[in-house]
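Structural overview
Here are the chains, one letter per residue:
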Amino acid sequence: MKTKLGLLYGGKSAEHKVSLQTALAVIRALDHEKFEIHPIYINVEGQWIKGPQLTGPVENVTALEFSQGNQLSPLSLAPALFQAEKQEQQPLDVIFPLLHGPNGEDGTVQGLLELLNLPYVGNGVLASAAGMDKVMMKNVFAQAGLSQVNYVAFIKSEWEMAKEAAYAEVEQVLGYPCFVKPANLGSSVGISKCTNRTELDAAFGEAFQFDRKVIIEEGVVAREIEVGVLGNDAPECSVAGEIVPKKDFYDYKAKYEDGETALIIPADISVEDYGQIKEMAIRAFKALDCSGLVRADFFLTKDGKALINEVNTMPGFTPFSMFPLLWKHTGVEYPQLIERLVNLAKERHAEKQ
Ligand code: ADP
Ligand code: MG
Ligand code: MG
């Protein structure tokens, strides 16, 4: 029997367009003999719109941007409703949320799918929420004994009441250069590198436009190495990749617009450095209670010390994104990667029942 796979994509976030590209790529990669594909598009207003079941390949993303006609209440996806109403149509077997950032990668959609009792690909509520909040994530990493940069955090009202004190603390604890980031975003949105008090002041103002909480980190000079982790209770680690931004740092433009950033896979690092990063990636995965997948990002300093920067619980997932490329080089092609993830989702759901 075919697996009825609900693809959830789009979303009310800065990564709406990226998500559409991902959905298109996933639909193209899926084996239509094995999967029945049910698109669910979330438009920029946040409305859920059910598309027709796809029986063949789709040409381009515009075919996936359904207009408002078939608006859907997420609650109507609950298997319990199908049973109660004795509908002909069977409920979906698995949902694959191809969403990034707040309201997609942060545990909110995952919580909804838990309530609906639907199996879904990727991380659960806790890992998604903790992974989205850089302060929470780093607190968990610290508790797990993972090496990372020093950091401090402020909420907006604290900063507004005592800006000078906040800046003095940053200078005392971290010094310059430092990085100021909104706590709950991704894609480098709202992130600034600061080398003096004037820049720090501007950076706080910028970051607080996106979030009520900011994190400030000590700046490091290091290579940026990433690995993919795949699995549930016994996670596996991919080969390592390196990102080499042509700019000062890996900002939003470098990620999505310039195409200037080089991805080097496998990364040219020593066996010892890889071993250290792999061990830390698995430890981070377990510390955050992750499931399905995570891309773990590291700084590797000149003296060979690996510092964990972050994990991304729903990493970029087009065939040209780092996570799928890392697995391709590890021997798992894109279509197989998607199937593995769907199976991991089913496995995790079955364990909970
Ligand atoms: P996002 O979740 O938006 O990807 P990151 O924390 O990964 O945010 O920061 C984006 C980029 O900024 C990193 O890939 C790196 O290039 C640079 N960067 C972030 N923090 C630091 C730091 N503490 N030291 C040096 N570079 C950093
Ligand atoms: Mg991130
Ligand atoms: Mg990052």
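Check the entry above for the structure.
Please read these numbers as outputs of a predicted model, since none were measured by experiment.

Where charged atoms from two side chains of opposite charge approach closely, those side chains can pair. Going through the model one piece at a time under the given rule, you end up with 15 salt bridges. E164 serves as the salt-bridge partner of R197, at 2.7 Å between the closest nitrogen and oxygen. One end of the pair, R197, is in helix α8 (residues 197-207); the other, E164, is in helix α7 (residues 163-173), and 33 residues separate them in sequence. With its nearest N and O atoms 3.3 Å apart, the salt bridge here joins E333 to K328. Under the relative-accessibility criterion, K328 is labelled partly exposed at 43%.

Checked against the element boundaries, K255 lands in helix α9 (residues 252-256). By relative accessible area, K255 is classed as partly exposed at 27%. Residues K255 and D106, spaced 149 residues apart in sequence, show a C-alpha to C-alpha distance of 20 Å. With near-sequence residues (within four places) excluded, K255 lies in contact with S187, S188 and Y250.

This next bit is on the site of ligand 1. Near ligand 1 you find 19 residues, and of these K134, K181, S188, E224 and K255 are the closest. E310 is positioned such that a nitrogen or oxygen atom in its side chain is 2.9 Å from an oxygen atom of ligand 1. Out of a free accessible area of 540 Å², ligand 1 has 95% covered by protein chains. Taken together, the elements giving at least two residues each to the shell around ligand 1 come down to β6 (178-182), β8 (213-218) and β13 (306-312). Taken together, the residues that form the shell around ligand 1 break down as 7 nonpolar, 5 polar and 7 charged.

Attention now goes to the sheet that holds strand β10 (residues 236-244). With respect to topology, 5 strands assemble into an open sheet ordered β11-β10-β9-β12-β13, the strand pairing being antiparallel. Either end of the sheet is taken by a strand with one partner, and the two such strands are β11 (262-264) and β13. Looking at each pair of strands side by side, their axes are set apart by 30° on average, direction ignored. Pairing of strand β12 (residues 292-301) with β13 involves 6 bridges; the strand directions are antiparallel. Note on β13: the bridge partner recorded for D297 is E310. Sheet contacts for helix α12 (residues 334-352): β9 (222-231), β10 and β12; angle to β9, the most-contacted strand, approximately 55°.

Calculation notes
- Residues numbered from 1 in each chain as written.
- Chains lettered and ligands numbered in written order.
- Predicted model: local features only at pLDDT ≥ 70, side-chain atom pairs only at ≥ 80, totals over all residues.
- Heavy atoms only, no water.
- Salt bridge = Lys/Arg side-chain N within 4 Å of Asp/Glu carboxyl O.
- Helix = DSSP H or I, 4+ residues; strand = E, 2+ residues; numbered from the N terminus.
- Buried < 20%, exposed > 50% of the residue type's maximum accessible area, 1.4 Å probe, protein only.
- Contact = heavy atoms within 4.5 Å.
- Near = heavy atom within 4 Å.
- Polar contact = N/O pair within 3.5 Å; in protein donor to acceptor, adjacent residues only side chain to side chain.
- Areas by Shrake-Rupley, 256 points an atom, 1.4 Å probe, with all protein chains shown as cover.
- Nonpolar A, V, L, I, M, F, W, Y, C, P; charged D, E, K, R; others polar.
- Pairing = 2+ DSSP bridges.
- Axes fitted to C-alpha atoms, helices over the stretch in contact; angles between N-to-C directions.

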